[in-house]
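Secondary and tertiary structure notes
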Amino acid sequence: MSQPDVTVVVAVYNTMPYLTACLDSLVGQTIGRDRLEVVAVDDGSTDGSGAELDRYATRYPGTVRVLHQANSGGPAAPSNLALDHARGRYVFFVGSDDHLGPEALERLVAAADRWDSDVVLGRMVGTNKRYVHQAAYACTAERLDLFDSALPWSLSNTKLFRRELVEQHGLRFRTDMPMGSDQPFTLEACFRAKKVSVLGDYDYYFAVKRDNAQNITYASRFSERLRCAEELVAFVAGLIGPGPKRDAVLVRHFSWEVAKLLREEFLTLSPDVQQHVHDRVRKLAGAYLTEGVLARMEPALRVRLAVARDGGLDAVRELIGQQADKTLPEVTVDDGRWYAHHVGFRDPAFGYPDDWYDVTDRAAAQLAKLTATELAWGRDAAGARALVVTARSRWAELAELSAEALRVSVGDLTGATSVTPDGPGTVVRTDFAVDRLLAVVAPNGERRTVRAEVSALGGAGSAPMRTDRPVAAPKLLARHGARLHLVTPTTNHKGHVIVAITPVTPGRFLARLRRIWPSGGK
């Protein structure tokens, strides 16, 4: 039997009915079954996955081979077993709940042969809201540098590997890692490869998030995620010496696996577990969170991990709560820049630079958040009947913006807005002339949301106007041309300020009369 071009490795545990779609996508590859072998390992499935594999092996005896074993607790052991039986020049790994584009393997093998590449990435896309980091697939490139690209953010094993490379370096999956076991394998393969390439011209791989969210990454427990983070950081440190190259890879693990341990869910853990997690994260950060790693990180994560390294548990708790809050805390405005008073800001005990706390890019969005305090009917500057919307902002800085910087609208209609300083905040008044509100109304009426938009400090932000208590103005019957409309300013179930405009037709008028004076009434 001639050597196949590619062996597809499938580790299987209870993935019906997704497994069927996966196998169909493999045996239907345009590369042809004579150039392909599928080695699938049933890891003790109990949902019929093993029988489904056997059905495909019977139907495609020269292409699909199936091995059965007792459950091992993760995808590493079955993947290793499949590798031991692989015969292809290349190997490709696919999750048994995922599937491939029809031309995926033909394109990947052709690129590897053309460029003499040891590893080839094909663009992955998520389905059913599965997140897949896309930066590595931005374009097709013959050479992708591990230390100067987004490759460290795409370390799943769902790639084409030259099997000679795998066997030369004895690459196998970590059986002591229930999750993340593919990352050390992939990282070392990319590190050892003479060339890594990427194809961004086609949807090669479809990563599926199951409806029951039972992919191992999604179902993993907190303690396993903590150990996974420790193992991955330690593996990188053992593979790559200290310096910029190590930092370029570690920034991914600190930003992703480690920082995720310190999100809002951390606050739901018991105090003793919080302390245990913090102690281990602090130890990890103390050893490997270098200034080079910090410099490459997104600002919020940089502060979070630095505080975890340098501060106590109370400081970590406070910061997580601050960062989880969608509104900014107190800020310092200095030379046109906004700095959030998060834990560590201008605290000599930490000594962090101000730019770590720079939230100027969020300023416009924060300034656009207005709280309505009153809806009323009045007159605008020209004396016309108008809806008057009064709102308040917590930011005194809003009153300092130019008149063009703040726009308050109802649907497509922009009102006439004025601002007045009010202690630590700003009062915003907007007039909407009734004639303009009624100028264009759909035949069945409309419900328009009041929104504020701010352009300032090099950014732009918008938000629906909200209330912290129900506010409303009396309904107004108004004429525009030959038509009557009922205008109702109020708030909806989300606390957003809305204006409902309903044309008053004869039928609606009679129905309203019947409600007021029902049949048989006096």
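Quick look at the structure, then. (Residues numbered from 1 in each chain as written. Predicted model: local features only at pLDDT ≥ 70, side-chain atom pairs only at ≥ 80, totals over all residues. Heavy atoms only, no water.)

**Observations concerning the pattern of salt bridges**
In total, this model carries 34 salt bridges according to the counting rule given. Measuring nitrogen to oxygen at the nearest pair gives 3.0 Å for the salt bridge that ties R89 to D113. Separated by 24 residues along the polypeptide, R89 in the loop between helix 3 (76-85) and strand 4 (90-93) and D113 in helix 4 (residues 104-115) bring together distant segments of the chain. Between D334 and R346 there is a salt bridge, with the nearest N and O atoms lying 3.3 Å from each other. (Salt bridge = Lys/Arg side-chain N within 4 Å of Asp/Glu carboxyl O. Helix = DSSP H or I, 4+ residues; strand = E, 2+ residues; numbered from the N terminus.)

**Remarks on the side chain of E257**
Take E257: it is sitting in helix 9 (residues 244-258). Since its relative accessible area comes to 10%, E257 is described here as buried. Of the polar contacts made by the side chain of E257, one reaches the side chain of R252; its length is 2.8 Å. (Buried < 20%, exposed > 50% of the residue type's maximum accessible area, 1.4 Å probe, protein only. Polar contact = N/O pair within 3.5 Å; in protein donor to acceptor, adjacent residues only side chain to side chain.)

**Some points on the sheet that holds strand 14 (residues 385-393)**
Taken in spatial order, the four strands of this open sheet run 13-14-18-17, and their pairing is antiparallel. Only two strands of the sheet have a single neighbouring strand rather than two, namely strand 13 (371-379) and strand 17 (416-422). When strand polarity is set aside, the average angle formed by the axes of neighbouring strands in this sheet is 20 degrees. Of the pairings in the sheet, the one linking strand 17 to strand 18 (residues 425-433) comprises seven bridges and is antiparallel in character. Counted as the bridge partner of A416 is D431 from strand 18. (Pairing = 2+ DSSP bridges. Axes fitted to C-alpha atoms, helices over the stretch in contact; angles between N-to-C directions.)

**Comments concerning helix 6 (residues 182-192)**
Across the eleven residues that make up helix 6, a large majority, nine, are buried. If you check which residues of helix 6 are buried, you get D182, Q183, P184, F185, T186, L187, E188, A189 and C190.

**Some remarks on helix 4**
Over its twelve residues, helix 4 runs 17 Å from end to end, which matches the ideal 16 Å to within 8%, given 1.5 Å per residue. Residues A104, L105, L108, V109, A111, A112 and W115 constitute the buried set of helix 4. For helix 4, the buried positions fall inside an angular range of 160 degrees around the axis, keeping them on one side. D116 sits one or two positions beyond helix 4 and adopts a positive phi of about 55 degrees. (Expected span 1.5 Å × (residues − 1). Arc of directions from axis to C-beta.)

**Examining the packing of aromatic side chains**
Both the distance between ring centres and the angle between the ring planes are used here to describe each pair of aromatic rings. Counted according to the given criterion, the structure contains 15 aromatic pairs. Relative to F185, the ring of F93 lies with its centre 5.5 Å away and its plane at 80 degrees, an arrangement referred to as edge-to-face. Note that F93 is positioned in strand 4 and F185 in helix 6, a separation of 92 residues in sequence. Across the pair, exposure class does not vary: F93 and F185 are buried alike. With centroids separated by 6.4 Å and ring planes inclined at 80 degrees, the aromatic side chains of F147 and F191 adopt a geometry described as edge-to-face. With F147 in the loop between strand 7 (124-127) and strand 8 (160-162) and F191 in helix 6, the pair connects residues that are 44 residues apart, well separated along the chain. Residue F191 is classed as partly exposed on the basis of its relative accessible area, which comes to 29%. An aromatic cluster is built from F93, F161, F173 and F185, whose rings are joined through pairwise contacts. Here the guanidinium or amino end of R114 rests over the ring plane of W115, the centre of that ring lying 4.8 Å away. (Phe/Tyr/Trp six-rings, centres within 6.5 Å; stacked < 30°, edge-to-face > 60°. Lys NZ or Arg CZ within 6 Å of the ring centre and 35° of its normal.)

**Re the pairing of strand 6 (residues 119-122)**
The alternating pattern of strand 6 places V119 and L121 and V120 and G122 on opposite faces, both of which are buried. In this structure, strand 6 lies alongside strand 8, joined through two bridges in antiparallel fashion. Within the sheet, the bridge partner assigned to V120 lies in strand 8 and is L160. Pairing between strand 6 and strand 9 (residues 196-199): four bridges, direction parallel. Each residue of the ladder has a partner; that of L121, found in strand 9, is V198.

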